[in-house]
Amino acid sequence: RAHGRFFIGGNWKCNGTVESVTQLVKDLNAGSVPPADKVEIVVAPTFVHLDMVKKTLNPPFEIGAQDCWVGKGGAFTGEVSAEMLHDFGIPWVILGHSERRSLCREDDELVGQKCEYALSQGLKVIGCIGETLAQRESGHMFDVLDAQLRAIANHTSLGNWVNMVIAYEPVWAIGTGVVATPEQAQEAHAYVRKWISDNVSPDVAADLRLLYGGSVNESNCGTLANLEDVDGFLVGGASLQGASFISICNAEN
Ligand code: PEP
């Protein structure tokens, strides 16, 4: 592939019981997925379930958290810090998911700061960006992506981009069943790659994996996986179904 190993993220969001997570891990372990040198697969359970998933989920599956605190731990009730995740052996964290941006009021600058701190503590980051339907329809999509990317780039040193993937997740496609068309996905991804090339470096842009997220399922993943600038997916709903997620992990085949 042009831009490195294909990448599949599974975002379990605020879902799961001991029973359902046990079953999902069992289904994933039993599934047939490409080897780790072909596809990198990261699932992100809730903080509560991280320990049990870490103990039971087999390679090549890797694990991530869905968020972390913006700085060093301490008197921040309810938060989980990047250094705790790293200490615990969690390699990845999702930052700037649209649900945190909208429901928890995380703005571009906070997301940028979170990326910087998580990277500084040795975590790898799935940084999420994406416009709302209103922003797209009013012609502001590229302004929004520009601002979101700029905040992340301002906080990411050149050497740290190897530990970063960017997920383009149009908000109107998340959890709605309305997937971006191949043209819409490719247009946004090409914009992101050019932005990174112009504002960070051409080498970083060439190596950076750009994930598409928003109503990806086993039926639409094949077409999207073939797009030039789509290097993987971030999957919400379908990542809770073992069989669907396994199919998506095989999207390139
Ligand atoms: C997500 O939450 O990152 C996501 C893409 O959700 P869904 O696949 O359910 O649209």
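It should be emphasised that the depicted structure is a prediction, and the values quoted were computed from it without experimental measurement.

Reading the values: rules and limits
- Residues numbered from 1 in each chain as written.
- Predicted model: local features only at pLDDT ≥ 70, side-chain atom pairs only at ≥ 80, totals over all residues.
- Near = placed C-beta within 6 Å.
- Nonpolar A, V, L, I, M, F, W, Y, C, P; charged D, E, K, R; others polar.
- Buried ≥ 20, exposed ≤ 12 C-beta atoms within 10 Å, placed from the backbone.
- Helix = DSSP H or I, 4+ residues; strand = E, 2+ residues; numbered from the N terminus.
- Arc of directions from axis to C-beta.
- Contact = placed C-beta atoms within 7 Å.
- Pairing = 2+ DSSP bridges.
- Axes fitted to C-alpha atoms, helices over the stretch in contact; angles between N-to-C directions.
- Expected span 1.5 Å × (residues − 1).

Student: Looking at this structure, I do not really get the site of the ligand. What am I missing?
Tutor: As a matter of local geometry, the ligand sits amid 13 residues, with Ile174, Gly175, Gly213, Gly236 and Gly237 nearest to it. Considering only residue class, the shell around the ligand consists of 5 nonpolar, 7 polar and 1 charged.

Student: What exactly am I supposed to notice about helix 2 (residues 47-56) here?
Tutor: Given 3.6 residues to a turn, an α-helix orients residues that are three or four positions apart in the same direction. Buried residues of helix 2: His49, Leu50 and Val53, and no others. The arc that holds every buried residue of helix 2, seen down its axis, measures 125°, which confines them to one face. With respect to the buried face of helix 2, the exposed residues turned more than 90 degrees away are Val48, Asp51 and Lys55. Where the residues of helix 2 are buried, they touch helix 1 (18-30) and strand 3 (61-65).

Student: Hey, could you run me through the sheet that holds strand 7 (residues 210-213) in this one?
Tutor: Sheets are built from strands paired through backbone hydrogen bonds, the pairs being either parallel or antiparallel. Read around the closed barrel, 8 strands run 1-2-3-4-5-6-7-8, paired in parallel fashion. Geometrically, the sheet is characterised by an average inter-axis angle of 25° between neighbouring strands, direction not taken into account. The pairing of strand 4 (residues 92-95) with strand 5 (residues 124-129) spans 4 bridges and is parallel. For Val93, the partnering residue across the bridge sits in strand 5 and is Val125.

Student: Looking at this model, I keep getting lost on helix 1. Mind explaining?
Tutor: Between its terminal C-alpha atoms helix 1 stretches 18 Å, which fits the 18 Å expected from 13 residues at 1.5 Å a residue. Here helix 1 has its buried residues at Val21, Leu24, Val25 and Leu28. Along helix 1, the residues classed as buried sweep out an arc of 100° about the axis, all on the same side. In this structure, helix 1 carries Glu19 and Ala30 as exposed residues pointing more than 90 degrees from its buried face. Elements that come into contact with the buried residues of helix 1 comprise helix 2, strand 3 and helix 11 (242-249).

Student: Sorry, what's going on with the pairing of strand 7 here?
Tutor: Side-chain positions along a regular strand alternate between the two faces of the sheet. Here strand 7 shows no split at all, with Leu210 and Tyr212 on one side and Leu211 and Gly213 on the other all buried. Two elements, strand 6 (residues 164-168) and strand 7, share 3 bridges in a ladder whose sense is parallel. The residue of strand 7 that forms the bridge with Tyr168 is Tyr212. Where strand 7 and strand 8 (residues 232-235) come together, 3 bridges link them in parallel fashion. Counterpart to Leu211 in the pairing with strand 8 is Gly232.

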